[in-house]
Amino acid sequence: MPQTKTRFSAMQYYLAHARNTVHARLDVDRVVTEGEFHNLVAQVIKAAPHLLWEENLSDSTHVQGWSGDVSTLCHMVDAEAVDAVMAQPLNDTGVPAFRAICAVTGDGQSQIVFQTSHALMEGGDVSGLLRGRTSKIEERETAEPGLSTAAQIGIWTLIPLMFALHLLTARFEKKTRSDFGFARLSFDRADIRRVARDLGISQRDLAFALVSHHRGQIPNPKKKLFTAFTSLPAKRVRLCDDEFLEVRVDDCHIPTSRDPKVYAHALAATLGKQNRHGLFVQTWHRRLNQVHRWLHPRAPWIYPRALFGYAPYDVVMSMLPPIVAGRAFTMLSGARVFAGSDTGTAESCIFAVSDTEVTVTLWSGPHRAAHVNGIAATATAFGVRSTIEGKVGGA
């Protein structure tokens, strides 16, 4: 099959150079054989063929037409080795930026992980794929964002300042990727429904409050949290040169409070106001990345090593659309789903929602044990049952 190349969009350029990844982990309540695992991977690739694209940083392209053996992308490993396999790079490898992992745990259960570059797939794609919706690029519809000329001019006047601030603040980044790792929890969905209803806020806002409340005190007290959150538009909108990624990232400062209920209401009020400006904010994010894509190859010496993968936020939070994995893949019926993202030195949290629970996957630095315990304590204060999943590294 002849190979063809597709140039990165500006957002893909940033995500690829940041080496951001996304993954879904499915906990299956039985032993999955190697044959079943390989058949499942083949079904997933059939539904999302772009998972077989290679990702090249040297010329900033995705390469289509890989004709290798898909089994080479499948890894049967011990449960203790899963994180080590996930830590291996996905780009500039000569093979697709995708891997599948299967591990049988000591209690007769299996963990199946699908991992790919964030420049190839985002949370909405993961959720849709597990629900049985195909994810084929040529079938996606897009629309222009419709920003006014005044808004476009305003965005371009912001870019020089935001570019300078991005480079300057990244130079003071002291965290390293090696300090980060994954940690996982789950919340009882019925408890979240009940408490959200009693508080008069959305289930999403309550889940965000459960995860972020303690960060007003850990590791150091703060008056406000600088928080980013993602959302999916009702209709796919073409932002700048990007017809591939549709997620929008917005940010805001949330007033902290020792009282978790006061904080939850403050978060809900802040996010409600911020949602009105998401398209403007997201468009200037993309314009800024266009500048990075043009300048970085031409003047790499002005870029701090930490810039790609760095973000100034206390935490980035994303909630996937509800997932019912068994509808698409019968062998995954009843599987628990955890979705996560390696976001460099930016702390992040991904929520995966099912009928009975909300799972949480943290990408967190050396304080992740304290963060997990803080989340569990906040959940207890709200009357939401929580479970810490597996061992948690860090302090």
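This structure is a prediction, so every number in the text was calculated from the model and none was measured.

Notes on the sheet that holds strand S6 (residues 98–104)
Link 1 in the chain: If you trace the five strands from one edge of the open sheet to the other, you get S5-S6-S7-S2-S12, paired in mixed fashion. Each edge of the open sheet is held by one strand with a lone partner, namely strand S5 (74–78) and strand S12 (336–342). In this sheet, neighbouring strand axes are inclined to one another by 20° on average, regardless of whether the strands run parallel or antiparallel.
Link 2 in the chain: Relative to strand S7 (residues 110–117), S6 is paired through seven bridges, and the arrangement is antiparallel.

Considering a nonpolar patch on the surface
Link 1 in the chain: On the surface, Leu 161, Leu 165, Leu 168 and Phe 172 cluster together into a nonpolar patch covering about 410 Å² of accessible area.
Link 2 in the chain: Within the element layout of this structure, Leu 165 appears in helix H5 (residues 149–171).

Observations regarding the pattern of salt bridges
Link 1 in the chain: Counted by the stated rule, this structure contains 12 salt bridges.
Link 2 in the chain: Among the salt bridges present, the one from Asp 27 reaches Arg 25, with a minimum N-O distance of 2.9 Å.
Link 3 in the chain: Look at Arg 25 and you get buried, because its relative accessible area is 10%.
Link 4 in the chain: Notably, a salt bridge pairs Arg 194 with Asp 191, separated by 3.4 Å at the nearest N-O pair. Placement of both Arg 194 and Asp 191 in helix H6 (residues 189–199) is noted, with a separation of three residues, approximately one turn of the helix.
Link 5 in the chain: In this structure Arg 194 comes out as partly exposed when scored by relative accessible area, which is 33%.
Link 6 in the chain: The structure contains a network of salt bridges with shared partners spanning Asp 188, Asp 191, Arg 194 and Arg 385.

A few points about the layout of surface pockets
Link 1 in the chain: There is about 1,100 Å³ of room inside the second largest pocket.
Link 2 in the chain: Lining the second largest pocket are 45 residues, and of these Val 82, Asp 83, Met 86, Phe 182 and Arg 184 lie nearest its centre.
Link 3 in the chain: Those elements giving two or more residues to the lining of the second largest pocket turn out to be helix H1 (10–17), strand S2 (21–28), helix H3 (82–86), S7, strand S8 (181–188) and S12.
Link 4 in the chain: Considering each element in turn, the lining of the second largest pocket owes the most residues, five residues, to S7.
Link 5 in the chain: Here the residues of the lining of the second largest pocket are counted per class, giving 15 nonpolar, 15 polar and 15 charged.

Scoring rules and cut-offs
- Residues numbered from 1 in each chain as written.
- Predicted model: local features only at pLDDT ≥ 70, side-chain atom pairs only at ≥ 80, totals over all residues.
- Heavy atoms only, no water.
- Pairing = 2+ DSSP bridges.
- Helix = DSSP H or I, 4+ residues; strand = E, 2+ residues; numbered from the N terminus.
- Axes fitted to C-alpha atoms, helices over the stretch in contact; angles between N-to-C directions.
- Patch = residues over 30% accessible without salt bridge, like charges linked within 9 Å, V, L, I, M, F, W, Y side chains within 5 Å.
- Areas by Shrake-Rupley, 256 points an atom, 1.4 Å probe, with all protein chains shown as cover.
- Salt bridge = Lys/Arg side-chain N within 4 Å of Asp/Glu carboxyl O.
- Buried < 20%, exposed > 50% of the residue type's maximum accessible area, 1.4 Å probe, protein only.
- 1 Å grid on protein atoms, 1.4 Å probe; cavity = no way out; pocket = protein on both sides within 12 Å on 5 of 7 lines; lining within 4 Å.
- Points joined across faces, edges and corners; volume = space filled by probe spheres on them.
- Nonpolar A, V, L, I, M, F, W, Y, C, P; charged D, E, K, R; others polar.

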